[in-house]
Amino acid sequence: MSGGGLGEFTVSLTKPLGIILEEREAGKPGVQVASLVEGGAADNSAAIVMGDALIAVDGQDLSQADFDAAMGALITAPKDRPLDITLSDGLGRMDIAKNLAKSLSAEEAIFADATVRAAVRQVRKIGTQLGDLLSVEIVIGAGVQDNICKARFFAIFSTDTVSTYSCSVSATGRKKPDGAIEITQLSCAKDEGWGQTYDLVREEEA
């Protein structure tokens, strides 16, 4: 898996891909991953999660494509060789609290950004009773020490694709030798109504 633009990555997969697509939420062009077929190429790659936006197939730009155009490109793509599928986490450039932005160095800000993106992918991969994580509202806290980053952000969730609400998400990311971010702690708290925290990934005690 290789990276591209902000939040983008490319995976080489052979058909059948096992990707079910849907149009993105209102106001956002393109299509996104609705689900994966269990045991399919995409599922086995462990690189693609629900909510990833389709950017390109073999260099053909599909970032603005509607459902029919995207499906047409996938259907007509070659079956006898791997396809370079470029996707994005769909988060774009995330808002960050002004005081936090001023307190982080450029390197720390990049680490915090990567940690939040990894946390979002982990939430989408695991799934929660809170519903689908649609977007990041704002990053409000981050602290970096050596190869560890602790971040806190508000994310928009939905359980029915119509109504949405905000949840506070806390995550700890560890930078691995290859530069990838491993989420070692992850929890979500719904501010309205329940007042309950869901621990999705528990940090192992030393």
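Structure shown above.
Residues numbered from 1 in each chain as written. Predicted model: local features only at pLDDT ≥ 70, side-chain atom pairs only at ≥ 80, totals over all residues. Heavy atoms only, no water.

Notes on the overall build of the chain
Then, number 1: A tally of regular secondary structure across the chain gives four helices and twelve strands.
Then, number 2: Along the longest, intermediate and shortest principal axes, the C-alpha atoms of the chain span 50 × 40 × 35 Å.
Then, number 3: Residue pairs at least 24 apart in sequence account for 54% of intrachain contacts in the chain once pairs closer than 6 positions are excluded.
Then, number 4: Put simply, the chain shows about 11,100 Å² of open surface, and 49% of that area lies on carbon and sulfur atoms.
Then, number 5: In the chain, 19 side chains carry a positive charge and 30 a negative one; their mean positions are 3 Å apart. (Helix = DSSP H or I, 4+ residues; strand = E, 2+ residues; numbered from the N terminus. Contact = heavy atoms within 4.5 Å. Areas by Shrake-Rupley, 256 points an atom, 1.4 Å probe, with all protein chains shown as cover. Lys, Arg positive; Asp, Glu negative; His and termini not counted. Charge placed at Lys NZ, Arg CZ, Asp CG, Glu CD.)

Some points on the environment of Gln185
Then, number 1: Within the secondary structure, Gln185 sits in strand β11 (residues 181–190).
Then, number 2: Assessed through its relative accessible area of 17%, Gln185 is described here as buried.
Then, number 3: For the pair Gln185 and Phe154, spaced 31 residues apart in the sequence, the C-alpha separation amounts to 16 Å.
Then, number 4: Among the polar contacts listed, one links the side chain of Gln185 to the side chain of Ser187, at a separation of 3.3 Å. (Buried < 20%, exposed > 50% of the residue type's maximum accessible area, 1.4 Å probe, protein only. Polar contact = N/O pair within 3.5 Å; in protein donor to acceptor, adjacent residues only side chain to side chain.)

Describing the environment of Ala189
Then, number 1: Locating Ala189 in the fold gives a position in strand β11.
Then, number 2: Look at Ala189 and you get buried, because its relative accessible area is 18%.
Then, number 3: Here the alpha-carbon distance between Ala189 and Ala106, two residues 83 residues apart in the chain, equals 29 Å.
Then, number 4: In this structure, Ala189 is in contact with Cys167, Ser168, Gln196 and Thr197, ignoring residues within four places of it in sequence.

As for the pattern of salt bridges
Then, number 1: Taken as a whole and assessed by the stated rule, the structure comprises seven salt bridges.
Then, number 2: Between Glu25 and Lys28 there is a salt bridge, with its nearest N and O atoms 3.4 Å apart.
Then, number 3: Judged by its relative accessible area of 35%, Glu25 falls in the partly exposed class.
Then, number 4: Overall, Lys28 belongs to the partly exposed group, its relative accessible area being 28%.
Then, number 5: Between Arg117 and Asp113 there is a salt bridge, and its shortest N-O distance comes to 2.7 Å. Taken as a pair, Arg117 and Asp113 lie in helix α4 (residues 106–126) at a separation of four residues, close to a single helical turn.
Then, number 6: Arg117 gets classed as buried once you look at its relative accessible area, which sits at 7%. (Salt bridge = Lys/Arg side-chain N within 4 Å of Asp/Glu carboxyl O.)

Focus on α4
Then, number 1: Between the first and last C-alpha of α4 there are 30 Å, a value that for 21 residues agrees with the 30 Å anticipated at 1.5 Å per step.
Then, number 2: Phe111, Ala112, Thr115, Val116, Arg117, Ala118, Ala119, Val120, Arg121, Val123 and Arg124 are the residues of α4 that are buried.
Then, number 3: Along its buried surface, α4 packs onto β2 (8–13), β8 (132–145), β9 (148–158), β10 (165–175), β11 and β12 (197–201).
Then, number 4: One or two steps after α4, the chain reaches Gly127, where phi turns positive at roughly 80°. (Expected span 1.5 Å × (residues − 1).)

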